[in-house]
Amino acid sequence: MSSVLTIRGGVPLTGRVSVRGAKNLVPKAMVAALLGNEPSVLRNVPEIKDVEVVTSLLQLHGVTVEKDPVNGDLTLDPKAAKTAPSTAIDAHAGDSRIPILLCGPLIHAIGEAFIPDLGGCKIGDRPIDYHLDVLRQFGAVVEKRPGGIHISAPKGLQGAKISLPYPSVGATEQVLLSATRAEGITELSGAATEPEVIDLIAVLQKMGAIISVQTDRTIRIEGVRDLGGYNHRALSDRNESASWASAALVTRGDIFVEGASQRDMMTFLNTYRKVGGGMDIGEDGIRFYHKGGKLNPLVLETDVHPGFMTDWQQPLVVALTQAEGVSIVHETVYENRFGFTDALIRMGASIQVHRECLGSVPCRFGQRNFLHSAVISGPTQLKGTDIDVPDLRGGFSHLIAALAATGTSRVTGIDIINRGYERFTEKLAGLGADFDITTTK
């Protein structure tokens, strides 16, 4: 069964939405609970697909998971952790890429891990080789088996000196989750330092880990024998907050995002202001609105933190189709992220994608024949069309394009959006969007 959204565009989104814990932190913090010998409590947890997947995987491995959906609290007790049947794990093949992060904690807890074939968004190369190489450096034995990968460590995981060729968030998290209980000291250079990574470090420190972050992207972890539980409130989802901010701009609306955090969004807020968006920053959230005048074109490059996040790029590109003049966006994180522009072009947007690096600094995709730069000319009137959602952020971007367009759009594949946007159709309805949902086989 799949859901189809029929959107009648041209209605400004106005009102209030609430954003809870970050999709890029919460599932990883849930996995971290496996490392402890006491229950953990994770607060501010959103109801999204990735949380459901990790909850199911933890329960298969004997972890007791109790949730309070009203308060967004999860209690996770790993005391009865056990090996799960591979057939049961296989049922989650293709659902998410989060299961690869279970490897280190499962090896510490039960001596082995089996990881199904991984899913996730089709936006570029996210090789699990980074993860497997990291685990091998800790002394793990990696075996490819039907339906997935079996990983064990007959002598236990050992501290290692690891250097990442690119500051991958997932690989950094793999090191953190594997090294905290490994024997000896682990030094990771070239680490990612996104706010969600730092929040995961805060979770592990509450459990008893010894982790220091240096200014040159080096993280040092002193392994400890045992960890306890944690009580932690997840940081707010800055990606969802930025998505609603772009939705306000695209639809000429006015949205207050409860839970939006200025501290973690400063690079986005600077760009939003340059484009011509309005904002009022409060203690409990941020109001984003279209000020009524023209939007400004700009030149933008995505980058790892503290640069402009790749997840912010796609919704903002939709807003740039309405700016007066030519904008240039250079994507340096995921090489195939501009695939979503095909639908925007069918809707009337003027977008050209290029293989060359159109930014100030050449990136790693420049000589690899990837369409990773975009030139957007505006403003253009968007018109409703049929759209199939390609990925999480691209899908949300298509939704807000359809909401701004004249006429009717039919959007299929919207279940992907549930991976990272909590109750997004309820929020759209609360903001005044005009749409219907139907279910098809």
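Quick notes on the rules
Residues numbered from 1 in each chain as written. Predicted model: local features only at pLDDT ≥ 70, side-chain atom pairs only at ≥ 80, totals over all residues. Heavy atoms only, no water. Core = buried A, V, L, I, M, F, W, Y, C linked by side-chain atoms within 4.5 Å. Buried < 20%, exposed > 50% of the residue type's maximum accessible area, 1.4 Å probe, protein only. Helix = DSSP H or I, 4+ residues; strand = E, 2+ residues; numbered from the N terminus. Phe/Tyr/Trp six-rings, centres within 6.5 Å; stacked < 30°, edge-to-face > 60°. Lys NZ or Arg CZ within 6 Å of the ring centre and 35° of its normal. Arc of directions from axis to C-beta. Contact = heavy atoms within 4.5 Å. pLDDT = per-residue confidence, 0-100.

**Q** I'm lost on the nonpolar core in this one. Help?
**A** Looking at soluble globular proteins, one finds that nonpolar side chains tend to be buried together. Judged by nonpolar contacts, the single largest core of 70 residues is most densely connected at Met30, Leu42, Leu58, Leu76, Leu176 and Leu204. In terms of residue count, helix α7 (residues 195-207) provides more of this core than any other element does, six residues in total. Counting 65 residues, the second-largest nonpolar core is a separate cluster that includes Leu5, Leu249, Ile400 and Ala401.

**Q** Is there a simple way to think about the packing of aromatic side chains in this case?
**A** The relation between two aromatic rings is expressed through the spacing of the ring centres and the mutual angle of the planes. Counted under the stated rule, the structure contains eight aromatic pairs. Look at Tyr272 and Phe288: their rings are 5.3 Å apart centre to centre, the planes differ by 80 degrees, and that puts the pair in the edge-to-face class. One end of the pair, Tyr272, is in helix α9 (residues 266-275); the other, Phe288, is in strand β16 (residues 285-290), and 16 residues separate them in sequence. Taken as a pair, Tyr272 and Phe288 share a single burial class, namely buried. Here the aromatic cluster, defined as three or more aromatic residues joined through ring pairs, consists of Phe268, Tyr272, Phe288, Phe308 and Trp312. Here the basic side chain of Arg287 rests over the ring of Tyr289, its NZ or CZ set 4.0 Å away from the ring centre. Above the face of the Tyr166 ring, Arg364 is positioned so that its terminal group lies 3.6 Å from the ring centre.

**Q** Got a minute to help me understand α9 in this structure?
**A** Since the α-helix turns once every 3.6 residues, residues separated by three or four places project in the same direction. Burial in α9 covers these residues: Phe268, Leu269, Thr271, Tyr272 and Val275. Looking straight down α9, one finds its buried side chains confined to an arc of 165 degrees; they lie on one side. Residues of α9 that are exposed and angled more than 90 degrees away from the buried face: Arg273 and Lys274. Its buried side turned inward, α9 meets α8 (238-250), β15 (277-281), β16, β17 (299-301) and α10 (310-320). Looking one or two places after α9, you find Gly276, whose phi comes out positive at around 115 degrees.

**Q** When you look at the environment of Val63 in this model, what are you seeing that I'm missing?
**A** With respect to the helices and strands, the residue Val63 is situated in the loop between α2 (49-60) and β4 (64-68). Residue classification places Val63 among the buried positions, given a relative accessible area of 5%. Expressed as a C-alpha distance, the spacing of Val63 and Ala248, which sit 185 residues apart in the sequence, is 41 Å. Those residues within four positions of Val63 in sequence are excluded, and the remaining contacts are Leu34, Leu58, Leu76, Asp77 and Pro78.

**Q** What am I meant to see in the confidence of the model for the protein here?
**A** Parts of the prediction with low pLDDT should not have their coordinates interpreted in detail. For the protein, the average pLDDT comes to 92, and 96% of its residues sit at 70 or higher. Confidence drops under pLDDT 50 across residues 119-126; counting only partners more than four residues distant or on other chains, this segment forms 23 contacts.

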